[in-house]
Each structure stands twice: as C-alpha cells, then as structure tokens.
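For reference, the chains in residue letters:
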Amino acid sequence: MTTYTETADPATVAPTIREWLASSERVLIAAGAGLSVAAGVDYADKASFARDFPDLARRGFSACYEFIGRRLPPAIYWSYWARHVLDVRFSERKSLVYEQLHEVVRGKDVFVMTSNVDALFERHSFERENIFTPQGDFARMQCRAMGTAACGDATWPSRPILERIIRALDPETGEVVDPAVIPCCPHCGGEVFLNVRESADFVDAPYEEQGHRLHAWLREAMTEPLLVLEIGAGFNTPGVIRWPLESIVYHHAGARFVRVNPQHAELPEEIVHRSLSVRAGAGETVRALVAA
C-alpha cells in the first residue's frame, strides 16, 4: 500500500513516479494552465506583454488577462487577439517542457485531457487523435449571438481571418485600420469570438468526438494499471480537469495519481493512499522526471 506523500521538491519523488510509469502501460495526462505557463504562455506576465504588445502597453494595458471577457473597441480588441492567437496557436515555436514531457511518456499508450486551447500537445508530437480539449481550440471561431436559428452550432477556421486582421494593423498604433476585416458571423452578421469556453454560449460540438474517444480509452483502461498525471490544473475551472480526474482515480482501483501544482496540490482523502502530491511548478517537475 502506497503512503500519501506531499513534497515541494520534485526530485525526491521523481524516482517513484518513474517506477509507477514503468509499471503502467497507459498514462492519462491532464493539464491545466500551469503547463502552458511553463512553456511561456502566461496571461499574467507583464514583462512579456510589454515586449510583445508595446502599442497596447502604451495604451495602459499591462497583461494578456485584461483582454479576457472584456468589451473593448473592436479595432483594439482584435488587434490583440489576432497577434496572440497566431503566436501561441499557429507558430512553429517549440517548448522544452512539452518536449521533455513527451520524452518521459514515450512508448506508453497516452491520452491527453487539457483545458489549454493552444495545441501545444499536438505541436510536440502527442497523438492528435488522443487529445481531448473540452475548453475548445483557438483554431476555430463561433458566433457570440447564440440562440438564433441561423447560427446553431456552427464554427469555422480562425486562421485566415486572423491573418487578414494582421495585414490591416497600423504599425504605430496597433489598431485595425480596415473595419472590413473585423470578423462577424457569416450566418447572422453578429459578433463572434474564438471557439473557447469564455461564456455560456460556448459551442462544444467540435470536441464531442474527442470526448467519446477518451471515454472509450478509459473503459479499456479500467482493467489495466493506469498512471494519471495531472499538471498545473488549479481552481479556475476545477470541473474541467481536477474533479473529473479525482473521480477517475477513485473509481479505478488500479490507478495511481500524481498531482503537480505549486499552490493547489492537496488531494481528497479517498485516494491519498495511491497518490503523490508535488507542490511545485510544471517545468521543475518535468525536469526532475527527465533527470530521475
């Protein structure tokens, strides 16, 4: 029987995690914002915002999170989102922490469940068919005027629209100077946004098949040793990653659970006897696993 361990030093438990990994053919990786932060996608980082968006910084904005769920003039609003999404979702930039994580689980039957919408798992060689993104994907857009018969569950590719916006930016002010490139719904002409869970209007239809594949994979895994590795999933949306993962481990008697989170590493009492709690960052923990 494994005793519950909580540590702030990933190196002390890395050998145990590697042993659990060696004895489990299946690995479920569940990732939240903490993993993308370790890859440099940090919505609260003021230094990177000032570097990447100097024109917006001159207007008084200080971090990316200020653009989430906020009503702003479209010429400013889409100036930010076009640049941000083309960078984090569509660039070829690679991240060491994702490369190392892929190396750690190489050779295993891996499924990924992530609240991140930046496709960093797919970009770092994780199998696209085995990735579930219940919070959506920056690669698509949807209508914000949901509830109208004309819109339904329609979504469409975002990249061509965002690239048109980029070509219409004033190099000095950063504003979109051509109103014709401001996106609108092709069905009703209303406002649109990226197909991510920003509000109750979120269209989740594009991700239902991913969810069905995960459920089928988990049904097969219920009779086999399973390692569940949760990285950087806090309490912003606990119903998306944290609580479902706890339920999976609770109902799978052969599962072992590793929770990595610098602020919220606590575990429910029912599963502590086969769990490890690592109160540290994603990058530090993955590095320790590589070195173990």
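Residues numbered from 1 in each chain as written. Predicted model: local features only at pLDDT ≥ 70, side-chain atom pairs only at ≥ 80, totals over all residues. Heavy atoms only, no water.

Participant: How would you summarise helix α6 (residues 96-104) if you had to cite specific residues and measurements?
Facilitator: Of the residues making up α6, those classed as buried are V97, Y98, Q100, L101, H102 and V104. As for α6, its buried residues are in contact with α1 (10-22), β2 (26-31), α2 (33-38), α7 (120-123), β8 (226-231) and α11 (282-291). (Buried < 20%, exposed > 50% of the residue type's maximum accessible area, 1.4 Å probe, protein only. Helix = DSSP H or I, 4+ residues; strand = E, 2+ residues; numbered from the N terminus. Contact = heavy atoms within 4.5 Å.)

Participant: Let's hear about the sheet that holds strand β7 (residues 192-196): which residues, and what values?
Facilitator: Two strands in a sheet stick together by hydrogen bonds in their backbones, pointing the same way (parallel) or opposite ways (antiparallel). Strand order in the open sheet formed by three strands is β6-β5-β7, and the pairing between neighbours is antiparallel. Each edge of the open sheet is held by one strand with a lone partner, namely β6 (155-157) and β7. Across the sheet, the mean angle from the axis of one strand to that of its neighbour is 50 degrees, orientation sign disregarded. Bridge count for strand β5 (residues 136-143) against β7 is four bridges, and the pairing is antiparallel. Bridge assignment links Q142 to a residue of β7, and that residue is F193. On the sheet, helix α8 (residues 159-167) packs against β5 and β6 and is oriented at approximately 55 degrees with respect to β6. (Pairing = 2+ DSSP bridges. Axes fitted to C-alpha atoms, helices over the stretch in contact; angles between N-to-C directions.)

Participant: I'd like to hear about the nonpolar core, residue by residue, with values.
Facilitator: Grouped together as the largest cluster of nonpolar side chains are 71 residues, with contacts concentrated most on W81 and F121. Sort the elements by how many residues they give to this core and helix α5 (residues 74-88) lands first, with ten residues. With residues near it in sequence (within four places) discarded, F121 still touches I29, A31, L35, Y98, L101, V112, T114, F126 and I131. Counting 23 residues, the second-largest nonpolar core is a separate cluster that includes M113, L214, I241 and I271. (Core = buried A, V, L, I, M, F, W, Y, C linked by side-chain atoms within 4.5 Å.)

Participant: For the packing of aromatic side chains, give the residues involved together with the corresponding values.
Facilitator: For any pair of aromatic rings, the description rests on two quantities: the centre-to-centre distance and the angle between the ring planes. The full count for this structure, using the stated rule, is 16 aromatic pairs. Judged by centre distance (5.0 Å) and plane angle (80 degrees), the rings of Y98 and F121 are edge-to-face. One end of the pair, Y98, is in helix α6; the other, F121, is in helix α7, and 23 residues separate them in sequence. Accessibility assignment for this pair places Y98 and F121 in one class, buried. Members of the aromatic cluster, each reached through a chain of ring pairs, are F49, F53, F61, F67, Y77, W78, Y80, W81, F138 and F193. (Phe/Tyr/Trp six-rings, centres within 6.5 Å; stacked < 30°, edge-to-face > 60°.)

Participant: Explain helix α10 (residues 242-251) to me, and be specific about the residues and the numbers.
Facilitator: Among the residues of α10, R242, L245, E246, I248 and V249 are the ones counted as buried. Buried residues along α10 cover an arc of 160 degrees about the axis, so they all sit on one side. Elements in contact with the buried residues of α10: β2, β3 (109-114), α9 (208-221), β8 and β9 (255-260). (Arc of directions from axis to C-beta.)

Participant: Residues and numbers for the layout of surface pockets, please.
Facilitator: Counted as a void, the largest pocket has a volume near 1000 Å³. Around the largest pocket sit 38 residues that line it, and A33, Y43, S115, N116 and N236 are the ones nearest its centre. Those elements that provide at least two residues to the lining of the largest pocket are α2 and β7. In terms of residue count, the dominant contributor to the lining of the largest pocket is α2 (five residues). Its residues placed into classes, the lining of the largest pocket shows 19 nonpolar, 14 polar and five charged. For the second largest pocket, the calculated volume is near 580 Å³. Around the second largest pocket, the lining comprises 27 residues; the ones closest to its centre are R89, E122, R128, D137 and Q210. Considering only residue class, the lining of the second largest pocket consists of ten nonpolar, six polar and eleven charged. (1 Å grid on protein atoms, 1.4 Å probe; cavity = no way out; pocket = protein on both sides within 12 Å on 5 of 7 lines; lining within 4 Å. Points joined across faces, edges and corners; volume = space filled by probe spheres on them. Nonpolar A, V, L, I, M, F, W, Y, C, P; charged D, E, K, R; others polar.)

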